[in-house]
Amino acid sequence: MNLSSTDSGYRSIADLRHKLFVPSDWTVDWPVGTTDSAAGTRRRAGSRLRYSDISVLAALSGLASMIALPTPVRVVLLTVLLFFGPGAAILSWVRIPRTAVPAALPILSISVVTLMVSVAMWGYRWSPRMWTLWLCVALIGSSVLWYRKYGRPDLPVWISRAREVVSPSSRTSALATVKFVLTDRETLRRNVAGLILALAFFLWLPLLPGLERATYSQFGLLTAGTGPGLVLCMVLIMAAFLIALRRHQLRTMLVAIGLAIVVQRFTVTLVTSAPIYDWTYKHVAVTEFVLDLNRLAPSGVDIYSEWPSFFLVSAWFQHVTGYDTLSLAHVFAPMIHVVLAAAVYGLARVMKFDKRAAITAAMLAEVINWVGQDYYSPQAWAVLLAVGFLALLMSSSLTRSAAYVSIVPFAALVPTHQLTPYWLMAVTGVLLVTRRAKPWC
């Protein structure tokens, strides 16, 4: 099979194989921020995405979520603001190691939103749409200041790149590449792990109807209906992951993590119409109380009124998007695990593991974490904040600013869950004694 450079941008089959499978070619160019020198930032102002650009895009996404659009679209738009906006604004000004970015970016974002809604409620200024508007304005203002100091975005360059992506030649190149990957024997031989993942996915799909009709079992889905097939799917996923690990195929390892989340966490969401755990509904009720009355229950009536931040974030999200509480609780676990995997990867990179070991750590966090601890609850939200805090704190040995920024997720954690801050204080003490964290450096 011949593959011309005009079709795919590669000079030969060997060139494409090298791009697809040589581990050293897998790199991530994190957005430009204060981790780069001012001169370097100006030199590459139009060629790379910057944290200030992400902040603006997230702010525009948040503003769009408040207009009359279909609810699923508004949910996606506000999710972009929730997980990327405030964190990008902070990282555009604060210097932290790039290895910490996968954990710091989403966790700083949700921390700022958590603190924002908590202040709004405790300050008797509960107005989710107004606070969302002010947050978006603040993000745009931060980016404008950054642009004035380091250079504005080169819009013609980005417009040109967008046109290239949607151009007919780009689609032709993508189709040629896909055809090559699916028909070249050498490529298929070298991507055995990818083939096994495809097999696991297509084996998982026909299991879903049988799970929907399954009867109750005290052992869960594993022994109900077509549930035993899930075990085989996970065995295939882990086998593919180990093969990719041995061959240093990092992208395939990431795909394996994503598929593990789908099989382990998203299956329940697809085969049920509502959350399956009884204790989820008391958390749903707390959120509904805030939505209906725009206030918390009186102090002493309910313990959740003393640590309400998770419920306030949920109420804020639902007020802006119109998404109902049960639907949010139903999709909560898969969403949390995507962020958790990224945060664990960032934490492992901060601990000076290479990319392969860090991805392995993220996979272990997914497959070992017991099913049922990730439901719609404050403690699930607190886990994310805790991992982000640890990643930033351990980055303090490289830059003191990371230690200062770590205060943000810890501050958001305190009004979220009553026990996790004490556990973190104990862990922090161990890190300080063993000098794994050095905030005084």
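In this text the structure is predicted, and so the values were computed from the model without any measurement. (Residues numbered from 1 in each chain as written. Predicted model: local features only at pLDDT ≥ 70, side-chain atom pairs only at ≥ 80, totals over all residues. Heavy atoms only, no water.)

1. Points about the nonpolar core
In globular proteins that are soluble, nonpolar side chains generally tend to be buried together. Our working definition: We define a nonpolar core as any set of buried Ala, Val, Leu, Ile, Met, Phe, Trp, Tyr and Cys residues linked to one another through side-chain atoms lying within 4.5 Å. Throughout, exposure labels follow a simple rule: accessible area from a 1.4 Å probe, protein chains only, divided by the maximum for the residue type, with under 20% read as buried, over 50% as exposed, and the rest as partly exposed. Numbering of helices and strands starts at the N terminus; helices are DSSP runs of H or I of at least 4 residues and strands are runs of E of at least 2. Two residues form a contact once any of their heavy atoms are found within 4.5 Å.
Of all hydrophobic cores here, the largest spans 74 residues; its most connected members are Leu82, Ile96, Ile110, Trp126, Trp316, Trp381 and Leu384. Examining the composition of this core, we find that 13 residues originate from one element, helix α19 (residues 378-394), more than from any other. Discounting chain neighbours no more than four positions away, the residues touching Leu384 are Ile107, Ile110, Ile336, Val339 and Leu340. Counting residues in each nonpolar core, the second largest holds 33 residues, with Leu250, Leu259, Ile261 and Tyr345 among its members.

2. A closer look at the pattern of salt bridges
Short version of the rule: For this analysis, a salt bridge means a side-chain nitrogen from Lys or Arg found within 4 Å of a carboxyl oxygen belonging to Asp or Glu.
Using the criterion set out here, one finds two salt bridges in the structure. Residue Asp374 is joined to Arg265 by a salt bridge in which the shortest nitrogen-to-oxygen separation is 2.9 Å. Of the two residues, Asp374 sits in the loop between α18 (355-368) and α19 while Arg265 sits in helix α14 (residues 250-271), which places them 109 residues apart along the sequence. For the pair shown, Asp374 and Arg265 are each scored as buried.

3. Examining the packing of aromatic side chains
Going by this rule: Pairing of aromatic side chains requires ring centres within 6.5 Å, counting the rings of Phe and Tyr and the six-membered ring of Trp. Pairs whose planes differ by under 30 degrees are stacked, by over 60 edge-to-face, and all others tilted.
Applying the stated criterion across every chain, the model contains 15 aromatic pairs. Seen in terms of ring centroids, Trp146 and Tyr150 are 4.8 Å apart; in terms of plane orientation they differ by 40°. Their pairing is tilted. Here Tyr150 and Trp146 lie together in helix α7 (residues 128-150), a separation of four residues that amounts to about one turn. We note that Trp146, like Tyr150, is buried. Considering the side-chain rings of Tyr304 and Phe311, the 5.1 Å spacing of their centres and the 70° angle between planes classify their relative orientation as edge-to-face. Taken together, the ring pairs in this structure connect Tyr304, Phe310, Phe311, Phe332, Tyr376 and Trp381 into an aromatic cluster.

Keep in mind that these numbers describe shape and distance, not what the molecule does.
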